[in-house]
Amino acid sequence: MDAERLVKVCRHALAQSRAVPDIVAEAWQAQALAQAIGARLAIIGPPEIRGEAEGLSEIGGRGCGVLDHPMVRSGVVRATQLTEVADPEAVLLALNVLLGDVGIALVGVACGTDDEGLYWQCIETIDVADESSDRVRGMLRRLAEREPDRPPEVVRGRAGP
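Note that the coordinates shown come from a computational prediction; the quantities given were computed from them, not determined experimentally.

A. Layout of the overall build of the protein chain. Broken down by element type, the protein chain carries seven helices and zero strands. Each helix and strand of the protein chain, placed in order from N terminus to C terminus, yields the pattern α-α-α-α-α-α-α. In the protein chain, which comprises 161 residues, the proportion classed as buried is 49%. Residue pairs at least 24 apart in sequence account for 77% of intrachain contacts in the protein chain once pairs closer than 6 positions are excluded.

B. Examining the packing of aromatic side chains more closely. All told, the structure shown has one aromatic pair when counted by the stated rule. Taken together, a centroid distance of 5.0 Å and an interplanar angle of 85° make the contact between Y119 and W120 edge-to-face. Y119 sits in the partly exposed class, given a relative accessible area of 31%. Judged by relative accessible area, which is 43%, W120 ranks as partly exposed.

C. Just the nonpolar core, in detail. Counting residues in each nonpolar core, the largest one holds 42 residues, and the members touching the most others are L33, I37, L92, L95, L98, V102 and V136. Where this core is concerned, the elements lending two or more residues are α1 (3-16), α2 (20-44), α3 (50-66), α5 (88-112) and α6 (116-145). Sequence-distant contacts of L98, defined by excluding residues within four places in its chain, comprise V7, C10, R11, L14, A30 and L33.

D. Highlighting the packing of α1 against α2. Two numbers describe how α1 lies on α2: the axes approach to 9 Å, and their chain directions differ by 165°. Relative to α2, the element α1 lies roughly antiparallel. Both α1 and α2 take part in a crossing whose hand is left-handed. Across the interface between the two elements, A3, L6, V7, C10, A13 and L14 from α1 touch I23, E26, L33 and I37 from α2. The class makeup of the residues in the contact of α1 with α2 is nine nonpolar, no polar and one charged.

E. Spatial organisation of the environment of T83. Tracing the backbone through its elements, the reader meets T83 in the loop between α4 (70-74) and α5. According to the relative accessible area criterion, T83 is partly exposed, its value standing at 49%. Taking the C-alpha atoms as reference points, T83 and I37, separated by 46 residues in sequence, lie 9.8 Å from one another. Contact partners of T83, with chain neighbours within four places excluded, come to M1, D2 and R40. Looking at T83, its side chain comes within polar contact range of the main-chain nitrogen of M1, at 2.7 Å.

F. Geometry of the pattern of salt bridges. Under the definition given, this model contains five salt bridges. In this structure, the salt-bridge partner of D101 is R11, at a minimum N-O distance of 2.7 Å. In this pair, D101 sits in helix α5 while R11 sits in helix α1, placing the two residues 90 residues apart along the sequence. Given a relative accessible area of 22%, D101 falls into the partly exposed group.

G. Examining α6 more closely. Taking 1.5 Å per residue as the helical rise, α6 with its 30 residues ought to reach 44 Å, and the 44 Å between its terminal C-alpha atoms agrees with that figure. Backbone nitrogen of G117 and a side-chain oxygen of the N-cap are separated by 2.9 Å at the start of α6; the cap is D115.

H. Up close: α1. Taking 1.5 Å of rise per residue, 14 residues should cover 20 Å, and α1 covers 20 Å from first to last C-alpha, within 8% of that figure. Elements in contact with the buried residues of α1: α2 and α5. Where α1 begins, the capping side chain belongs to D2, and its oxygen is found 3.1 Å from the backbone nitrogen of E4.

Rules of the game
Position numbers for residues start from 1 in each chain and track the written sequence from start to end. Where local features are concerned, this predicted model is filtered to residues with pLDDT of at least 70; where side-chain atom pairs are given and counted, the filter is 80 or more; whole-chain, interface and lining totals use all residues. Excluding hydrogens and water, the side-chain values take into account all heavy atoms of the structure. In this text, helices come from DSSP runs of H or I with a minimum length of four residues, and strands from runs of E with a minimum of two, each type numbered from the N-terminal end. The buried label applies to any residue whose accessible area, calculated with a 1.4 Å probe on protein chains only, is under 20% of its type's maximum; exposed applies above 50%, and partly exposed to all values in between. Residues are treated as being in contact if the distance between any of their heavy atoms lies within 4.5 Å. Under the pairing criterion, centres of Phe, Tyr and Trp rings, with the six-membered ring standing for Trp, must be within 6.5 Å; the plane angle then separates stacked pairs below 30 degrees from edge-to-face pairs above 60, leaving the rest tilted. Think of a nonpolar core as a cluster: buried Ala, Val, Leu, Ile, Met, Phe, Trp, Tyr and Cys residues, connected wherever their side-chain atoms sit within 4.5 Å. Note on definitions: angles span 0 to 180 degrees between N-to-C directions of axes, and those axes are lines fitted to C-alpha atoms, for helices only across the stretch in contact. Should an angle lie under 35 degrees it is considered roughly parallel, over 145 roughly antiparallel, and from 65 to 115 roughly perpendicular; all remaining angles are considered oblique. We call a crossing left-handed when the near helix sits turned anticlockwise from the far one by less than a right angle, and right-handed when that turn is clockwise. Polarity classes work like this: nonpolar for Ala, Val, Leu, Ile, Met, Phe, Trp, Tyr, Cys and Pro, charged for Asp, Glu, Lys and Arg, and polar for all others, with Gly in that last group. Any N or O atom pair separated by 3.5 Å or less is treated as a polar contact, with the protein-specific requirement of one donor-capable and one acceptor-capable atom, and with residues adjacent in sequence counted only for side-chain atom pairs. Salt bridges are identified by distance alone: a Lys or Arg side-chain nitrogen within 4 Å of an Asp or Glu carboxyl oxygen. The length a helix should cover is 1.5 Å for every residue beyond the first.

Just distances and angles here, no functional claims.
Okay, here's the thing in structure tokens:
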């Protein structure tokens, strides 16, 4: 499945999640997807973003290790369905939005829990999502440098309404 479609599936699943375990599972899925997209772009992406893409893959992998969730043990990992990254820029823009959504959802979980362990897992994963987003924005800037006439909001990875 194309990366852009997988990101949309993850965003929809996260938006539909209401219970804490579901939100945590979707945050884990998003980090796994960031890792997979980064790995793919590090190998076959445009040369100017391969280093940043490798960093994204490493950060995404670290994010998967932070959250303890049964999804990890069940083997149901959406990112394994990744077959291509047809439009790297569109995928990175969508991934950046997904990572922002993950951060917002985890802030809600962290603020609403009395479980100290879950709280700190959320805080660490928010940090990882933010770091992943930084890498994504760096790749978007590098891609935009190839086209100097691009509007600034696309360069920052903030296109759209």
